Amino acid sequence: MSTLTPIEIEIMKHAFISIPEQMGASLQRSSYSPNIKERKDESCALFSADAKLLAQAEHIPVHLGAMPNALDAAIESCDLSRGDQIILNDPYMGGTHLPDITIIKPVWSDEHFLGYVVNRAHHSDIGGKTPGSMPGDSKTLQDEGIVIQPMHIVHKGIIVEDVMDMFSELRCSSERMGDLRAQMGANELGAREFTKAVQRFGLDQYQDFVEDIVRYSEKRTREAIRGLPEFDIKEKDVMEWKEPVELHLRMKKEEDEMKFDFQGTQQQVEGNINAPAPVTYSAVYYVLRCLIPDDIPITAGCYEPVAIDIPKDTVLNPKPPAAVSSGNVETSQRVVELILKCLRRVLPDMMPAESQGTMNNITVGNDNFTFYETIGGGAGAYRGGDGEDGVHVHMTNTQNTPIESIEHEYPLRVNQYRLRKGSGGSGMYKGGEGIVKEIEFLEDCHLSIQSERRDHEPKGMNGGKNGKCGRNLLLSNGEKIILESRVSMDVKTGESLIIKTPGGGGWGKKRSVRKN
Amino acid sequence: MVFYYYDINITKLVQQLFYTLVRYKPMVLAVDVGGTFTDFILIEDGITCYKLPSTPDDPSRSVIEGIEGKDITGDIFHGTTIATNAFLEGKGADTAFITNRGFEDILFIGRQTRPKLYDLFVKKDKPPVSSGHSYGILGRIGSNGDIIQELNQKELNVLADELKKKDLCAAVCLFHSYKNPLHEKRVGNILKQNDIPHSLSCDVTGEYREYERGMTTLIDAYLKPTVKDYFDELSSSLPKTPLIMKSNGGLDEAGRVEPVDTFLSGPAGGAAGGRFIAKHTGIKNLVTFDMGGTSADMCSIVDGEITWKDQGRIGSFQVDLESSAREESGESQDFPVQSEMVDIVTVGAGGGSIAMKDSGGVLRVGPQSAGADPGPVCYGKGGQQPTITDALLCAGYIDPDYFLGGKFDLDTEKAQGKLEELADALGMALDETINGIYRIANSTMSRSMKKITVEKGLDPDDFSILAFGGAGPLHAASLADELGITQVIIPPMPGVFSAFGMMTGDLIRDDSRTYFTELTNKKELEEVIQEIAPHHEGWEEEVILGLRYKGQSYHLNLTYTGNISDIRSRFHKKHMDMYGFSRDGEIIEVVKVHVKSKKSAGVEILPREYEDVEHPEDRRCLFKEGLLPTSVYYRKGLRGNEKGDGPAVIEDTNSTILVPPNWKWRVDEDGLLYIEKEVKK
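Here the structure is a predicted model, which is why all the values come from computation and not from measurement.

A. Expanded view of the packing of helix H10 (residues 412–426) of chain B against helix H11 (residues 430–452) of chain B. All names here are of chain B. For the pair H10 and H11, the least separation of the axes is 9 Å and the interaxial angle reads 100 degrees. The pairing of H10 with H11 is recorded here as roughly perpendicular in orientation. Each of Gln416, Leu419, Glu420, Leu422, Ala423 and Leu426 in H10 lies in contact with H11, whose residues at this interface are Leu430, Thr433, Ile434 and Ile437. Its residues placed into classes, the contact of H10 with H11 shows 7 nonpolar, 2 polar and 1 charged.

Structure representation (structure tokens):
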């Protein structure tokens, strides 16, 4: 039984949360890929000796649910000793999609095992058939890059050269090496700070803290859930595939617990919209975070009151060798919208209309470079406010790459980057506008797009109009060619890609008088 | 031994006269405008400190009033919030934004991110320009500086007419102007011919990243008229053009200071003072810790120099530790500014931070603050929730009869009543609760202090804390304990030390530009340096290169001295220190060339107060270890080389210094107070 006072818990909370914060700062500043340093597509976390999440400094919600699975997979597959670090990206063993590489370090203080520091970062290339490793047309995991099952990248303090060699075969391998070194460096820093913190408070007190902070987060999360109305609702939504793929959810709230049952969701497909289970966990945890007070520390306790059931071999819980690269970035957005669709029926004033619901992933490259970017769009309007224009919603919040940086670093020229006027759904409150971005290719390149909401409009709410669908266009010799929502194709010097991202749904009927 | 005595005249109410042995000629004055008070320090025959209420409706009034009748023969040093306040209150000029066609919305899109991660009702901050006043013009320059498309003269004439008709100022930001400013200059000429006040991005900041540069240029144009009027008013009303404390920790003449260079004027004074103390004591690694009623500012001084960054922010500087972004407080304003700024972290912890039990049963301190009104419970102005100040009062650290020099009555009983309620709710003893509030406040601040040390690759063990502000010296030693720091220094006049710091600054001008080349291209580099260096007569110049491994997008700043192989090995080492690895074979790329020009300007004295007074009686104060008998001193009554053991409370004017148990205190010959802990080996 723990002996910590309400004061000691708070003091130790600050001390331990600052560890992943410091790891994140180090990783962002020392990494190579714009993905990590500019777009902050990374997360860092701290786990107890029994692999319970103690603290997470996350910058991307899509990593929320994924870290615990990664650690479990590493513990199961590897013998861990002092000075080790484990690397993995296998979506079927703790990963989500291949570019997300997780590195885990167990931490000791003298003879005592303390726990783990973990970080995950999105690399801009991990091999596969196209630069950027996000092919629009991948059918199996092999098309998307190299698969790393949990293995030692550092063994007893020595870097395993064979593992590093795997990366030397990849495009822009020196960038990969730099990013991996940055990830290992962040873990070293985290381990050092972890040990220092435990020495400061003492081992007994640290063990009490593990128990107490988890229980504290759980208590406050349960209390927030209890405050919501009781409900039991079924909804469905679709992913855009050759034939629309249905996602089903029965969401139930009872007392201080929530249940998410995805029974009825369609079988996995021979394409990349399959999302390993941790992606859906992340989407659920994201919505949960939006519903509960934001000062509750993220620990294993937050997730105790939540049950998630995903049927096997479906798009939300596929089996190998299904391709998955779009699951993390696109399917995750749809799962969020599906959950919000249920919640709109019970909490209409706490929910916005549908937003762009996609990340508009674009990857351009050839043998000399890889450029990956996501594009914001319109957010949904809500009672009392217009939807925001040109912004990332829900599962991502990555920054754009400055145009001056794109044009300096890559053989690309940006010809327009502006709001897509009129794309947000009208209503008493207007949906946010999407973005128009036009990129001209100054060399022959390969282009991959993964996007959604090209056929299904983001829906308005309470009488508000739908936002406009997104569009992908190729401008070639003065001719505009309409592209699918997912493509993988060669493009020539002088051609341009025009992406128009979806607008958000409006809220309320327009003719109603808007009261201020 | 040299004594400087000073005369304290607070709000012209309390007057204490001391004598002086040494004269400082000519007469100099520092004036630091704060939200509530304007602080003055006058050095002539000794040192006089006084405060006047600030006059937010016309900020120059309190400054001029406080200086009127003083025969200032030397310099006037000035810390100002004019630009910050005009920006936050939306009192700038109506400004048009001119950029390349197709990119009219870049300021509205920003970096396409939302300020709060977990927020279903997304709202970005709105820049101070209406979308109808954002213009895209023909013409395009490529990343290598080549002209891809020419400007259209006719279009520019039409635009100038429209701006004139609408009576707008203009901010111009065209792509790659850091590489080739030709188009911006030509647009500037047309605006000039039409008498349209304007700012060009190549003049305001020569750095890449169109959103950040555009925003900086917009803010500059938007604030320029207000700031210029203010400086003009001061220059014509004061006996001498004031030297303005800039965000970079340096001073410059009012007429030469751009609005975007002043956003951290006040806190930079504290950092400049830190640098002075580092120089004076030879203790070269310091963290300055300035804690007041609502927030605490921290900045590190490394190897005797203030740490600075190439880009800061205007708006909410506060670090919100609890949510992933800052708290929402109505219309928020938070934008990047490409201007050299001292690297300050501000945390929302001050004497007014409220202590409460949260729904999970845990004691929390801040970020909610009772501010100055109603303020802590003990102010008796209606505050109902106990604050840090209430806890420190009940712990016995603050003397209710000596708070702010005794001008202010504190109600200990009332504060204790509220703290008892809180203790009951927590199911804890009163003493434990009071001490808990103090310790939690310190743990919050230590988390922030790590942001400027550990997160920057610095080890707190190598640092001393320099504590000032009303509340800084009360928390510093305990905060040091959390970080493993064993020495705290309390400067003279801790309550107005930021104003004093301004007097110690150098004149500093920064000229910089984004320039991409490999480090080995020495000849090219030298040419660019010559182009950028202003070569002011009698100024020293330091060349700083922004360097990175080719492919990285953040750079490290390194002084350009020695040969290229020297620089290379220093870069590898610095990278290793900060990030834990280096890549020895890799190409090193220059991304920024920066010339820092310096000229010394400030005073070089350390004020010292001494009076033969009787120290107060000992009292009992509450610590982690329990209630302990604690010695109490007046700082002004401490002589050089005096020392003692903690626990002790040392009363200073406008500040209280706490020496915890197991810490010792000593005064050096110059009157600096050290609080130190013996390290167990």
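This is not the end of the story, as more comes after the structure.
B. Representation of the environment of Gly74(B) in the model. Residue and element names in this part refer to chain B. Here Gly74 shows up in the loop between helix H1 (60–67) and strand S6 (76–79). A relative accessible area of 5% means that Gly74 is categorised as buried. Measuring from C-alpha to C-alpha, the distance between Gly74 and Glu44 comes to 9.6 Å, with 30 residues separating the pair along the chain. Excluding its chain neighbours within four sequence positions, the residues that come into contact with Gly74 are Pro26, Met27, Val28 and Lys240.

C. View of the pattern of salt bridges. In the structure shown here, the tally under the stated rule is 76 salt bridges over all chains. Glu188(A) is the salt-bridge partner of Lys105(A), the closest N and O atoms lying 3.8 Å from each other. One end of the pair, Lys105(A), is in strand S4 (residues 100–109); the other, Glu188(A), is in helix H5 (residues 173–201), with 83 residues separating them in the sequence. If you follow the salt bridges from partner to partner, you end up with Glu10(A), Lys13(A), Arg220(A), Asp295(A), Asp358(B) and Arg364(B) in one network.

D. Broad picture of the pairing of strand S28 (residues 506–518) of chain B. Residues and elements named next belong to chain B. Where burial is concerned, most of S28 is hidden: 10 out of the 13 residues are buried. Bridge count between S28 and strand S31 (residues 588–600): 11 bridges; the pairing is antiparallel. Pairing of Arg513 across the sheet is with Val593, part of S31.

E. Looking closely at empty space enclosed by the protein. Residue and element names in this part refer to chain B. By the definition in use, this model includes 9 cavities of 30 Å³ or more. Taken as a whole, the largest cavity encloses approximately 130 Å³ of empty space. What lines the largest cavity is a set of 14 residues, among which Arg608, Glu609, Arg635, Lys636 and Gly671 lie closest to the centre. Residue composition of the lining of the largest cavity, grouped by class: 7 nonpolar, 1 polar and 6 charged.

F. Structural detail: the pairing of strand S38 (residues 673–677) of chain B. Residue and element names in this part refer to chain B. Summarising the sheet, strand S27 (residues 487–490) and S38 pair through 4 bridges and their orientation is antiparallel. Considered in S38, the bridge of Ile489 is made with Tyr674. Of the pairings in the sheet, the one linking strand S37 (residues 663–667) to S38 comprises 5 bridges and is antiparallel in character. Following the sheet pairing, Lys664 is matched in S38 by Glu676. Linking S37 to S38, which pair antiparallel, is a turn of 5 residues; within it Gly671 sits at a positive phi near 90 degrees.

About the thresholds
Sequence positions are assigned chain by chain, starting from 1 and proceeding in written order. As a convention, the first chain written is A and the first ligand written is 1, with the rest following in written order. Only residues with pLDDT of at least 70 are given local features in this predicted model, and only at 80 or more are side-chain atom pairs given and counted; all residues enter the totals for whole chains, interfaces and linings. With hydrogens and water stripped out, all remaining heavy atoms of the structure feed into the side-chain values. Axis definition: a line fitted to C-alpha atoms, over the contacting stretch in the case of helices. Angles run 0 to 180 degrees between N-to-C directions. To qualify as a helix, a DSSP run of H or I must reach at least 4 residues; to qualify as a strand, a run of E must reach at least 2; elements of each kind are numbered from the N terminus. Here the word oblique covers every angle except those under 35 degrees (roughly parallel), over 145 (roughly antiparallel) and from 65 to 115 (roughly perpendicular). Throughout, a residue-residue contact means that at least one pair of heavy atoms, one from each residue, lies within 4.5 Å. Residues were grouped as follows: Ala, Val, Leu, Ile, Met, Phe, Trp, Tyr, Cys and Pro as nonpolar; Asp, Glu, Lys and Arg as charged; and all remaining residues, including Gly, as polar. Exposure categories follow from relative accessible area, calculated using a 1.4 Å probe and restricted to protein chains: below 20% of the type maximum is buried, above 50% is exposed, and the middle band is partly exposed. Basic side-chain nitrogens of Lys or Arg form a salt bridge, by our definition, when they fall within 4 Å of a carboxyl oxygen of Asp or Glu. Think of it this way: DSSP has to see at least two bridges between two strands before they count as a pair. Definitions used throughout: a 1 Å grid over protein atoms alone; a cavity as a set of points that fits a 1.4 Å probe which cannot get out; a pocket as an open set with protein on both sides within 12 Å along at least five of seven lines; a lining residue as one with an atom within 4 Å of a point. Grid points are joined across faces, edges and corners, and a volume is the space filled by probe spheres set on the points.

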